[in-house]
Amino acid sequence: MSKPPLLFFIVLAIIAILATRQFIKQRREAAVNDASPIRSLTVEVKTKREFPAPNRRSRQREVIAGEEMRYEAWFHPLNGASDIKVQVKENDYHQMDKGSKGELKMQGSRFVSFTPVP
């Protein structure tokens, strides 16, 4: 039997290092979000979109019934700060309309809630 090439082990080591780095980054971000206070901002819903979770970016890809979807919203703070992009849950996504104004609650970079103001 021949020995596996050294390049194979190098590629596996690189993949393991990158996966560990991503895991540590996600854990650190979650810890920062948990430690952050909840802040409220007056915002306007700039845009929102929904897309399939595996998002393969194929132009010929059709949406399959029952496929998991992701929901994303862009908010524009009325105080002139830069736009905020967050992933939201399906029920939150369907309750907000483009152009509506309201109060956005964030904990660090984590979306907490959006309450429209009439």
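Everything here concerns the structure above.
Quick look at the structure, then. A quick note: this is a predicted structure, and the numbers were derived from the prediction, not measured.

Cut-offs applied
Residues numbered from 1 in each chain as written. Predicted model: local features only at pLDDT ≥ 70, side-chain atom pairs only at ≥ 80, totals over all residues. Heavy atoms only, no water. Helix = DSSP H or I, 4+ residues; strand = E, 2+ residues; numbered from the N terminus. Buried < 20%, exposed > 50% of the residue type's maximum accessible area, 1.4 Å probe, protein only. Contact = heavy atoms within 4.5 Å. Areas by Shrake-Rupley, 256 points an atom, 1.4 Å probe, with all protein chains shown as cover. Core = buried A, V, L, I, M, F, W, Y, C linked by side-chain atoms within 4.5 Å. Phe/Tyr/Trp six-rings, centres within 6.5 Å; stacked < 30°, edge-to-face > 60°. Lys NZ or Arg CZ within 6 Å of the ring centre and 35° of its normal. Pairing = 2+ DSSP bridges. Axes fitted to C-alpha atoms, helices over the stretch in contact; angles between N-to-C directions.

**What to know about the overall build of the chain**
Tallying secondary structure elements over the chain gives two helices and five strands in all. Of the regular secondary structure in the chain, the N- to C-terminal order runs α-β-β-β-α-β-β. In the chain, which comprises 118 residues, the share counted as buried stands at 22%. Considering only residue pairs separated by 6 or more positions, the chain has 49% of its internal contacts joining residues 24 or more positions apart. For the chain, the computed accessible surface area is about 9200 Å², with 56% contributed by carbon and sulfur atoms.

**Focus on the nonpolar core**
If you look at the biggest cluster of nonpolar residues, it comprises 15 residues, and the most contacted ones within it are F75, V88, M96, L104, F111 and F114. Those elements that provide at least two residues to this core are strand 1 (38–52), strand 2 (69–77), strand 3 (84–88), strand 4 (101–107) and strand 5 (110–116). Residue contacts for L104: discarding those within four places in its chain leaves R39, S40, L41, V43, F75, I84, F111, S113 and F114.

**Structural notes on the packing of aromatic side chains**
Summed over all chains, the structure comprises four aromatic pairs. Ring centres 4.8 Å apart and planes at 45° place the aromatic pair Y71 and Y93 in the tilted group. Of the two residues, Y71 is situated in strand 2 and Y93 in helix 2 (residues 90–95); the sequence distance between them amounts to 22 residues. When the ring of F75 is compared with that of F114, the centres are 5.4 Å apart and the planes differ by 35°; the resulting orientation is tilted. Here F114 lies in strand 5 and F75 lies in strand 2, a separation of 39 residues in the sequence. The pair F75 / F114 is uniform in exposure class, with both members buried. An aromatic cluster of at least three residues, connected via ring pairs, comprises F75, F111 and F114. The cationic tip of K48 hangs over the ring face of Y93; the distance from NZ or CZ to the ring centre is 4.4 Å.

**Remarks on the sheet that holds strand 4**
Read across the sheet, five strands follow the order 3-2-1-4-5 without closing on themselves; strand pairing throughout is antiparallel. Of all the strands in the sheet, just strand 3 and strand 5 have a single pairing partner and so form its edges. Between one strand axis and the next, the sheet turns through 45° on average, direction left out of account. As judged from the six bridges shared by strand 4 and strand 5, these two strands associate in the antiparallel manner. Residue pairing in the sheet places Q107 in a bridge with R110 of strand 5.

**Some remarks on the side chain of S36**
Positionally, S36 belongs in the loop between helix 1 (6–35) and strand 1. For S36, a relative accessible area of 18% translates into the label buried. Every residue in contact with S36, bar those within four places of it in the chain, is listed here: Q107 and G108.

None of this, on its own, says anything about what the molecule does.
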